Amino acid sequence: YVPRRAGARGAIEAGLTAGTLPGGRRLDDADDRAAVEAVWGEGLPSERGRDLHAILSDAAAGKIDVLHLIGVDLARDAASTALAQAALAKIGTVIVQDLAATETLSAHADVVLPVTGRQERAGTSTNWEGRRQRFARAVDGPDLVQDDWEIVVQLAALLGHDLGVDDLEAIRGEIARLGQRDTPHELHAASDTPADASPADDEGLAVSIRALLLDRGTMLTGASDLNATSRRGTVQLAPVTAEQIGVTDGDRVAITGLDAGDTVLTLTVEVRRDVLPGVAILPANSTPQSAYGLADRDGSVRITLSALADDDAVAPRVEEVA
């Protein structure tokens, strides 16, 4: 399995999600806390940090003055485009640390911190199984462009904090000192009561949004040959759902969010037997407007589908708008 984002598994192991600690540990686990405090000393936070939705909610409410985005394009990545736009409009200063001109950078950045790409830095790749492979720098980056870790260390110093590292080997040494949890945490027991996935007609369809490997992601801009191999985005429905709506495999439909703005997606129906009744599966970034634009500010999505005539437009493939 290939993670959607470069470094996604490594970021999780580094403790960059709410409520986690380095090495596959949890903040609310006493043994995990003790293992990390044995290396870093006491003083770990007592409460979990905010996830992206909570950060954006507080920003939209005026509770955050500065938003520092590292490799995040809120215009395409946030589960609610409406919430992301509200947060970006309210925030005082937006700092974007990235290697490409994303939609968020172009429209909202007050400060831009350019960073090196993979070929311009040394590092480690971690696949979804946790297997690691180091790589060396292949080419030099442009003048004044730095690695992400170099910028973070300098910003911490400006704020009065010494992170104790000044090169990549020191960071690797710190990771080795922290180590990893020896055994996995127990999984939560699954509910014995299946959820009702068939909402009433006036409630629309529930939605699952998934990103395809090749889509309108920033790092694929201009990659016309690669984009030419991409799948055309479809809306996937169970046979019973398609029958209830009155559409069949290959029909074109307009998709409208019940609680979100004016976003309308135009996609082709794909009928699949592995989709739950009452659910529509949408591609996240395969259309001119992100499917997250259908969500309300809480991130929930309910949609309606309506069939289009044969001469109505269907969203083009990625390479047709690259």
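Residues numbered from 1 in each chain as written. Predicted model: local features only at pLDDT ≥ 70, side-chain atom pairs only at ≥ 80, totals over all residues. Heavy atoms only, no water.

Caption draft 1: Region of interest: helix α5 (residues 81-90). Every buried residue of α5 is listed here: Thr-81, Leu-83, Ala-84, Ala-86, Ala-87 and Leu-88. Those residues of α5 that are buried are in contact with α3 (52-60), β3 (66-70), α4 (74-77), β4 (93-98) and α6 (103-108). (Buried < 20%, exposed > 50% of the residue type's maximum accessible area, 1.4 Å probe, protein only. Helix = DSSP H or I, 4+ residues; strand = E, 2+ residues; numbered from the N terminus. Contact = heavy atoms within 4.5 Å.)

Caption draft 2: Representation of the sheet that holds β4 in the model. As summarised here, the arrangement of the three strands in space is β3-β4-β5, forming an open sheet in which the pairing is parallel. At either end of the open sheet lies a strand with only one pairing partner, and these are β3 and β5 (111-114). Across the sheet, the mean angle separating the axes of adjacent strands is 15 degrees when strand polarity is ignored. Pairing geometry for β3 and β4, over five bridges, is parallel. (Pairing = 2+ DSSP bridges. Axes fitted to C-alpha atoms, helices over the stretch in contact; angles between N-to-C directions.)

Caption draft 3: Fine view of the pattern of salt bridges. Scanning the model with the defined rule gives 14 salt bridges in all. Among the salt bridges present, the one from Arg-181 reaches Asp-32, with a minimum N-O distance of 2.6 Å. Highlighted residues: Arg-181 in the loop between α8 (168-178) and β8 (205-210) and Asp-32 in helix α2 (residues 30-40), separated in sequence by 149 residues. The exposure class of Asp-32 is buried, given its relative accessible area of 3%. (Salt bridge = Lys/Arg side-chain N within 4 Å of Asp/Glu carboxyl O.)

Caption draft 4: Focus on α3. Every buried residue of α3 is accounted for by Leu-56, Asp-58, Ala-59 and Ala-60. Gly-62 sits one or two positions beyond α3 and adopts a positive phi of about 80 degrees.

Caption draft 5: A look at the packing of α2 against α8. Running from N to C, α2 and α8 point in directions that differ by 135 degrees, and their axes come no closer than 9 Å. As judged from the angle between their axes, α2 and α8 are oblique. The segment α2 lies against α8, with Val-36, Val-39 and Trp-40 engaging Glu-174, Arg-177 and Leu-178. The class makeup of the residues in the contact of α2 with α8 is four nonpolar, no polar and two charged. (Parallel < 35°, antiparallel > 145°, perpendicular 65-115°, else oblique. Nonpolar A, V, L, I, M, F, W, Y, C, P; charged D, E, K, R; others polar.)

Caption draft 6: Region of interest: the packing of α3 against α5. Put simply, α3 and α5 touch, their axes get as near as 7 Å, and they point 50 degrees apart. Our classification of the angle between α3 and α5 gives oblique. In this structure, α3 crosses over α5, and the sense of that crossing is left-handed. Along the contact surface, α3 presents His-53, Leu-56, Ser-57, Ala-59 and Ala-60, while α5 presents Leu-83, Ala-84, Ala-86, Ala-87 and Lys-90. (Left-handed = near helix turned anticlockwise from the far one by under 90°.)

Caption draft 7: Inspection of the packing of aromatic side chains at higher detail. What the rule picks out here adds up to zero aromatic pairs. Sitting above the plane of the Phe-135 ring, Arg-118 keeps its charged end 4.0 Å from the centroid. (Phe/Tyr/Trp six-rings, centres within 6.5 Å; stacked < 30°, edge-to-face > 60°. Lys NZ or Arg CZ within 6 Å of the ring centre and 35° of its normal.)

Caption draft 8: Looking closely at the sheet that holds strand β12 (residues 279-283). With respect to topology, six strands assemble into a closed barrel ordered β8-β12-β9-β11-β10-β13, the strand pairing being mixed. Averaged over all pairs of adjacent strands, the angle between strand axes in this sheet comes to 45 degrees, irrespective of strand direction. Where strand β10 (residues 252-257) meets strand β11 (residues 264-271), five bridges bridge the pair, whose relative direction is antiparallel. Each bridged residue has a counterpart across the sheet, and for Val-253 the counterpart in β11 is Leu-267.

Caption draft 9: View of a nonpolar patch on the surface. A cluster of nonpolar residues, Ile-70, Val-152 and Leu-163, forms a patch on the protein surface that exposes about 230 Å² of accessible area. By the element assignment, Val-152 lies in helix α7 (residues 148-158). (Patch = residues over 30% accessible without salt bridge, like charges linked within 9 Å, V, L, I, M, F, W, Y side chains within 5 Å. Areas by Shrake-Rupley, 256 points an atom, 1.4 Å probe, with all protein chains shown as cover.)

Caption draft 10: Quick peek at the nonpolar core. With 18 residues, the main nonpolar core has Val-235, Leu-237, Ile-255, Leu-282, Ile-303 and Leu-305 as its most contacted residues. Listing elements by their share of this core, those giving two or more residues are β9 (234-237), β10, β11, β12 and β13 (302-307). Considering every element that reaches this core, the biggest residue donor is β11, with three residues. Beyond its immediate chain neighbours, meaning those up to four positions away, Leu-237 contacts Leu-205, Ala-242, Ile-245, Val-247, Val-269, Glu-270, Val-271, Arg-272, Val-275, Val-279, Ala-280 and Leu-305. Counting 17 residues, the second largest nonpolar core, distinct from the first, contains Leu-56, Ala-78, Ala-84 and Ala-87. (Core = buried A, V, L, I, M, F, W, Y, C linked by side-chain atoms within 4.5 Å.)

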